[in-house]
Structure formats: C-alpha cells, structure tokens
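Descriptive structure summary
Next come the chains, spelled out residue by residue.
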Amino acid sequence: MAHLQLDSVSLRYEGGAPVLGNLSLDIRADEFVVVVGRSGCGKTSLLNLAAGFLAPSSGQVLVDGRPVTGPGADRAVVFQNDALFPWLSTAENVAFAARLAGIAPAERRAQADRYLDIVGLAGLGDRPIWQLSGGQRQRVGLARALAAEPRFLLMDEPLGALDAMTREAMQDLLLEAWNRTRTGTLLITHGVEEALYLATRVIVMAPQPGRIVRRLEVDFGRRRLAGESARSIKASPSFVAAREDLLDSIFEREAA
Amino acid sequence: MSLDLAEAALAPSRPAERAGPTKAAPRNRPVVAITAALTIASLVLAWAIASHFQLVSALFLPSPVAVGKAFVTVARDGFVDATLWQHLAASLGRVFAALVGATLIAVPIGFAIGSSAVGRGTFDPIIEFLRPIPPLAYLPLVIIWFGIGEPSKILIIGIAMLAPIVISTATGVKGVDADRLNAARSLGATRRQLLRHVILPGSLPAILTGIRIALGAGWSTLVAAELVAASRGLGFMIQSAAQFLVTDVVLMGILVIAAVAFALEAVLRWIERRLVPWAGKS
Ligand SMILES: Nc1ncnc2c1ncn2[C@@H]1O[C@H](COP(=O)(O)OP(=O)(O)OP(=O)(O)O)[C@@H](O)[C@H]1O
Ligand SMILES: [Mg+2]
C-alpha cells in the first residue's frame, strides 16, 4: 500500500534559521491528512519536501521506503497560487499529464471534460486560463492534479480563493474524490473547520522551527460520506468541542 | 518612441478587455492619440511656415510640398537608377534576412545563458562585448573580412540585432515561473518536456519583445550597412541624395524609414497579441 514518509526531516533555506526541525509525518493511501498552523510556520515548505521540490537538510523523504530524489508523477501538487499554463486552454491544462504521456488530443479532451465536470466547470474547456476567475483557476488546478491520477495528492490551500458557498461544495467534492480513489492526501489550510471536516488526521504545526505539536484523529468526513448533512455535523457538540480544542492548541503554542 | 503611438493606433483591435487594473488604459488611448496627432500636426505646420516664409533656405529645409513631390517622383521615376519601391524592397530584404539569421542564432544562445551556468559563462562575455559597439565601428572590419557584397550588409544589421534578442530571451527563460516548472515536473515532465511545454512557451513573450527591439536596432543600422557599395536601398538613396544636396529626397527617405519602422512595429504588436494574448495577464 502506498506510503509517503517524512522521516525526521529538517530544512533550512540557505543562510537562514531552520524552517523545519526534526519533523516526522506518515501519509498512507486511505488517509486524508490536513495541516494547519499560522502563516509562515513552514506548511508550504513541508509540502515542497513531500513533493520533492526541495531536498531536506537532514532526514529523508520516502515513498514506499524508497528515497525521493525529486518530483514525480506519483505525487501531484495543487499550488497555493494556481501555477496553470496560460498558453494552454483550460481543457489542455487539465489534461497536461496526459499530454506529457503522449495521449491523443481527442482522448485528452474527453478526460479534461470529465474532470472539469467533476470540479463544476463543465463547458469552460475552451476558455483561455486568463479569462477565468481566481476561484475557477484553483478548481482547474485541482482538476489537473486529479486527472493525473496520482498515488498522493498534495494540496496547498486549494480552496483559499473561493467564496463560502463554492468552498463548501468543493469540500464535499474533495471528500468524494478522496473516498472514490482513496488517494493518500496532504492538504494545507488556514480553516480549522475545513481541517476537521475533511481530515482523517489533523496536524497542528508551530513555528520556529516548524514542527508538529498536535496530531488529532477525526471522523467527521466519514460521517459526511455516510450521508449526514454538513450543517448537522458542524453543529454537533463533538465538532464544536474539537474545533475549540484545535484552536486552543494553535493559539497556545503561538503564545508560548 | 513609436511604442505608445503604435499602441494607440492599435487600441481598437484589443480582444475583449476584462475587468482589472488594465481597465484604465483604454480610456487614456483617445487622449494619447489626439495629443500625438496634435504634436505631429504642429511640427508639420511649423515646418511649412518656416519654409514658406523662407526662414531657412530651401536648400536646407525644403517645404512639405516639395518633399511630397519628391515622394511622387521617386516613387514613379526613381532616383539613382531605382524607384522608391525598389530601394524599399532592397532595404526590407536586408533587414528581414538579418532578422531571420539573428533570431535563429540568438534564441538558442539566450536559452543557453538563461538556463545554465556554463551557457552563461560561455556566451555572456561575447554578447557583452558586442552589445555596446556602434555599427560604424565594426563596419570596416566586416568589409575587410567579408568583402563588399550583400552578405556583409546583412551581417552588419544582424550583429546589431543579436544582443537584444539574446538578452530578452535569457531574461524570459530565467523569469519562467518556478511553480509552473514544479507543476509540470510533478505531472511527470522530463527535462526535454519542460523545455518544450513550459520554458519555451513561457519565454515566448520575452522573445517577441526582443525581436521587436532588434527590428528597431536593425533599422537604425540600415544606413551604415548601405554605406558599403550598395546600389539600392533607402539608406543608399539618402546618402546619394545628400551628396548631390537633393535635400527633399533626403527628408523623404527619412520619413519613409520612420513610416516603415512604425508599420513593422504595429505588425509585430499585432503578432504578439495573436501569439501570446496571455502576456502580462497572469
Ligand atoms: N525560498 C525561501 N528562502 C528562504 N526562506 C524561505 C523561503 N521560502 C520560505 N521561507 C521562509 O520559511 C518560513 C516558512 O515558509 P512557508 O512558506 O513554508 O510558510 P507557510 O506555513 O506555508 O506560510 P503561509 O501560511 O503564509 O503560506 C517562512 O519564515 C519563510 O520566510
Ligand atoms: Mg504557504
């Protein structure tokens, strides 16, 4: 079973203070790991290590026990700023992995339309990227990563630019996509409720150096998948308690 | 110089303007166009007045009408054994031959400088050496080495075009968004695929800008290039006219060069808009 491992990794950018200190994290297929923590605590750096964009200063990043030497098609990334290709149409952006794999245009188009439909952008395939709104672009970025059918999905605040309503719809979409594929997922967010709602495990990070100060197993997402409504979950006493608990551990560590 | 004018002239053909910070620009366009037209009109008026009242001798400053007449005569009957169109065709041919050659050489060099330390170390000194040398300085050397034929003229223009294209291409390559490169790599792109699918399209706007600047540099070198035993060309026509003190043809030649450069600039901007409509938008 797919297994992504960060084993006692430390990271310091050239000449700077350590950004991550001796951090360990495991993500398995079947898991939806959500990382929260205040701005600048090293969340993006952590994701960049997992993606292979950065090499740790010490420690190791492993996939199925083998060291990661760089980015690869097994770990698709959704970026904090969309990082789409403006010279390609929306559909060609979504099917970029297929284009790299040499798949024929017609088939690429069918794939793109399928995934655009999943993220609620059906019919926008022919639009140039620069004529999409920020929220639409983020969803194209998500569709592009999903279409690559990776073994791990790494997402850096993928819902950051969305309005509240679209955001909730996209959360459900993420849950369903995860439930269908059981792709091991790492998601970074600033939203505590979002973290609880999506995660099978919530990770709280604290800064200087970035480290994990809290791990919390939750099952609200599974309750949602079992058919309970989002409102009833978010209003339930256990959710409220978990939220307060999580906020406490974010702020407590911040004050320290 | 002509950049803003070209922009003003081409404003209406802009594809669907979207909301955003660029929105303010179109509102200024008519103002720019009107002011530009006024400037040109007053310059021509001052010129007409100066020559009409003989403030300056006609030998030094022929009237606008005389220049217009020179245009018609040279277009119809020719000057120094060729019509205006033949002169123009000769010059355009040289400039375009130089542009094609310079682009084919400069773009790969720009990629090498922009993407690798070795490439940078290899080519940077050459480009930095060539860049500041005025064409008239290397002109004699080119003649000694390559003779006085057509290739020498093209070479002189081409050398002037090299540096702008190399430098813009290198800047464009270096400026390719790191997240886009990472995105492609995490979707399985190999090094070649990165080049083909991300770096090349990503630096295309900069390459086109370089070509546009190079074209300007090429035109400015034209007269120097046509000093070399030419028998046709706008630069040659101007020089011959100057030797016989046919000032109206000199002025007419200058205006034709300006007009052609302006038109080419407009064409290139149109190409940019078609080819890289996203440039500056994300
Ligand atoms: N390329 C870099 N070079 C040097 N320092 C960096 C670099 N990237 C990030 N840092 C520093 O590392 C720390 C962690 O940055 P990181 O981007 O991982 O934070 P983050 O948790 O993702 O923040 P945010 O929530 O605002 O996105 C910050 O203090 C930042 O200044
Ligand atoms: Mg970040």
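See the structure above.
To start, this report covers the structure provided alongside it. The structure displayed is predicted, hence computed values, not measured ones.

Take the overall build of chain B next. Counting its regular elements, chain B contains 11 helices and zero strands. Listing each helix as α and each strand as β along chain B from the N terminus yields α-α-α-α-α-α-α-α-α-α-α. Considered along the principal axes of its C-alpha atoms, chain B spans approximately 75 × 55 × 30 Å. Within chain B, buried positions represent 41% of all 282 residues. Excluding contacts between residues fewer than 6 apart, the proportion of contacts in chain B whose partners are at least 24 apart in sequence is 71%. For chain B, the exposed area adds up to about 14,800 Å²; of that, 71% sits on carbon and sulfur atoms. A distance of 8 Å separates the average location of the 23 positive side-chain charges in chain B from that of its 14 negative side-chain charges.

Residue and element names in this part refer to chain A. Around ligand 1, the structure places Tyr13, Val19, Ser39, Gly40, Cys41, Gly42, Lys43, Thr44, Ser45, Gln80, Glu157 and His190. Between ligand 1 and the protein, one listed contact pairs an oxygen atom with a side-chain N or O atom of Ser39 at 2.5 Å. For ligand 1, an oxygen atom lies 2.6 Å from a polar atom in the side chain of Ser45. Relative to its unbound accessible surface of 630 Å², ligand 1 loses 57% to contact with the protein. It is helix H1 (residues 43-51) that contributes the most residues to the shell around ligand 1, three residues altogether. Split by residue class, the shell around ligand 1 holds three nonpolar, seven polar and two charged.

In this section: a nonpolar patch on the surface. Residues and elements named next belong to chain B. Judged by side-chain polarity, Leu45, Ile49, Phe53, Leu55, Val56, Leu59, Phe60 and Leu245 come together as a nonpolar surface patch covering roughly 830 Å² of accessible area. Here Leu245 is to be found in the loop between helix H10 (234-243) and helix H11 (247-275). Judged by its relative accessible area of 53%, Leu245 falls in the exposed class.

This brings us to the environment of Ala97 of chain B. All names here are of chain B. The topology assignment puts Ala97 in helix H4 (residues 84-115). Residue Ala97 is classed as partly exposed on the basis of its relative accessible area of 34%. When the C-alpha positions of Ala97 and Ile154 are compared, they lie 6.7 Å apart, and in sequence the two are 57 residues distant.

All right, on to the coordination of the magnesium ion (ligand 2) then. Residues and elements named next belong to chain A. For the magnesium ion (ligand 2), the full set of protein donor atoms is Thr44 (OG1) and Gln80 (OE1), at a range of 1.9 to 2.7 Å. Pair noted here: Thr44 is in helix H1 and Gln80 is in the loop between strand S6 (75-78) and helix H2 (90-94), with a separation of 36 residues, a long-range link. The class of Gln80 is partly exposed, set by a relative accessible area of 41%.

Below, the discussion takes up the pairing of S6 of chain A. Residues and elements named next belong to chain A. In S6, alternate side chains face the same way, and those of Arg75 and Val77 on one face and Ala76 and Val78 on the other are all buried. In this structure, S6 lies alongside strand S7 (residues 152-156), joined through four bridges in parallel fashion. Of the residues in S7, the one forming a bridge with Arg75 is Phe152.

A few words now on the interface of chain B and chain A. Listed per partner, the contact involves 20 residues of chain B and 23 residues of chain A. Buried surface at the junction of chain B and chain A, summed over both partners, amounts to about 2,100 Å²; 68% is from carbon and sulfur atoms. Linking chain B with chain A are three residue pairs in polar contact (both at pLDDT 80 or more), by the criterion used here. Those elements giving two or more residues to the side of chain B that touches chain A turn out to be helix H8 (178-186) and helix H9 (191-225) of chain B. The element that contributes the greatest number of residues to the side of chain B that touches chain A is H8 of chain B, accounting for seven residues. Partitioning the side of chain B that touches chain A into residue classes produces eight nonpolar, seven polar and five charged.

In the structure shown here, the tally under the stated rule is seven aromatic pairs over all chains. An aromatic cluster of three or more residues is present, and its members are Phe85, Trp87 and Phe96 of chain A together with Trp278 of chain B. Its guanidinium or amino end placed over the ring of Trp178 of chain A, Arg182 of chain A lies 4.4 Å from that ring's centre, counting from NZ or CZ. If you follow Lys234 of chain A out to its NZ or CZ, it ends over the ring of Tyr197 of chain A, 4.5 Å from the centre.

Reading the values: the criteria
Residues numbered from 1 in each chain as written. Chains lettered and ligands numbered in written order. Predicted model: local features only at pLDDT ≥ 70, side-chain atom pairs only at ≥ 80, totals over all residues. Heavy atoms only, no water. Helix = DSSP H or I, 4+ residues; strand = E, 2+ residues; numbered from the N terminus. Buried < 20%, exposed > 50% of the residue type's maximum accessible area, 1.4 Å probe, protein only. Contact = heavy atoms within 4.5 Å. Areas by Shrake-Rupley, 256 points an atom, 1.4 Å probe, with all protein chains shown as cover. Lys, Arg positive; Asp, Glu negative; His and termini not counted. Charge placed at Lys NZ, Arg CZ, Asp CG, Glu CD. Near = heavy atom within 4 Å. Polar contact = N/O pair within 3.5 Å; in protein donor to acceptor, adjacent residues only side chain to side chain. Nonpolar A, V, L, I, M, F, W, Y, C, P; charged D, E, K, R; others polar. Patch = residues over 30% accessible without salt bridge, like charges linked within 9 Å, V, L, I, M, F, W, Y side chains within 5 Å. Salt bridge = Lys/Arg side-chain N within 4 Å of Asp/Glu carboxyl O. Donors = N, O, S within 2.8 Å, 3.2 Å for Na, K, Ca; no water. Pairing = 2+ DSSP bridges. Buried area = accessible area lost by both parts, 1.4 Å probe. Phe/Tyr/Trp six-rings, centres within 6.5 Å; stacked < 30°, edge-to-face > 60°. Lys NZ or Arg CZ within 6 Å of the ring centre and 35° of its normal.

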